[in-house]
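Coordinate inspection notes
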Amino acid sequence: MSTPGGPPEAARVAREIGLAVRALVLTDREMQTALARRLGVGLTDVRAMEELVASPDVLGPVELGNRLGIRSASATVLVDRLGRRPATWSAAGTRTTGGGSPCI
């Protein structure tokens, strides 16, 4: 007979934590996909925006590329692409990109 908090209990808790983390990761992926669709950008663009917003430091293309797992040349193209999408406000008061699609 095992004691409370012993190996079977620890294994159950570890499994529950693992399942919760997996659910969190899947939900984050779904959120990124929905945000990319809504903004009319790719998933890498969304990941780049997340990195830029979350970083306490200014990120250059090389560091951003390292964090995203892409070459620095690709990161430079990505930064240029994002920089060409200025955010504006529509007459309805919703934030839009330069192309007029609604932003969050």
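This section reports on the structure supplied with the text. (Residues numbered from 1 in each chain as written. Predicted model: local features only at pLDDT ≥ 70, side-chain atom pairs only at ≥ 80, totals over all residues. Heavy atoms only, no water.)

Okay, the side chain of Gln-32 next. Looking at the secondary structure, you find Gln-32 in helix α1 (residues 7–39). Classification of Gln-32 by relative accessible area gives buried; the value is 11%. Other than its neighbours up to four places away in sequence, Gln-32 contacts Leu-43, Val-46, Arg-47 and Glu-50. (Helix = DSSP H or I, 4+ residues; strand = E, 2+ residues; numbered from the N terminus. Buried < 20%, exposed > 50% of the residue type's maximum accessible area, 1.4 Å probe, protein only. Contact = heavy atoms within 4.5 Å.)

The next thing to look at is the nonpolar core. If you look at the biggest cluster of nonpolar residues, it comprises six residues: Ala-48, Leu-59, Leu-64, Leu-68, Leu-78 and Leu-82. At the level of secondary structure, the elements contributing two or more residues to this core comprise α3 (61–68) and α4 (72–83). Leu-59 has contacts with Glu-51, Leu-52, Leu-64 and Arg-67, leaving out every residue within four places of it along the chain. Within the second largest apolar cluster, five residues are counted, among which are Leu-35, Ala-36, Val-41 and Val-46. (Core = buried A, V, L, I, M, F, W, Y, C linked by side-chain atoms within 4.5 Å.)

With that out of the way, let us pick up α4. With twelve residues, α4 ought to run about 16 Å at 1.5 Å a step, and its terminal C-alpha atoms sit 16 Å apart, in line with that. Among all positions of α4, only Ala-75, Leu-78 and Leu-82 are buried. Taken around the axis of α4, the buried residues stretch over an arc of 60°, which confines them to a single face. Buried positions along α4 lie against α2 (43–54) and α3. (Expected span 1.5 Å × (residues − 1). Arc of directions from axis to C-beta.)

Contact geometry for α3 and α4: axes closest at 8 Å, N-to-C directions at 110°. As the angle between them shows, α3 and α4 are arranged roughly perpendicular. Together, Pro-61, Val-62, Leu-64, Gly-65 and Leu-68 of α3 and Ser-72, Ala-75, Thr-76, Leu-78 and Val-79 of α4 make up the contact between the two elements. Looking at side-chain class alone, the contact of α3 with α4 contains seven nonpolar, three polar and no charged residues. (Axes fitted to C-alpha atoms, helices over the stretch in contact; angles between N-to-C directions. Parallel < 35°, antiparallel > 145°, perpendicular 65-115°, else oblique. Nonpolar A, V, L, I, M, F, W, Y, C, P; charged D, E, K, R; others polar.)

Attention now moves to the packing of α2 against α4. Here α2 crosses α4 at 85°, and the two axes come no closer than 11 Å. The angle between α2 and α4 places the two elements in the roughly perpendicular class. Residue-level contacts link Thr-44, Asp-45, Ala-48 and Met-49 of α2 to Leu-78, Arg-81 and Leu-82 of α4.

The next subject is α3. Turning to α3, its buried residues number three or more, namely Leu-64, Gly-65 and Leu-68. With its buried residues spanning 100° around the axis, α3 presents them on a single face. Exposed side of α3, more than 90 degrees from the buried face: Val-62 and Asn-66 are the residues found there. Backbone geometry just downstream of α3 places Gly-69 in the positive-phi region, at approximately 75°.

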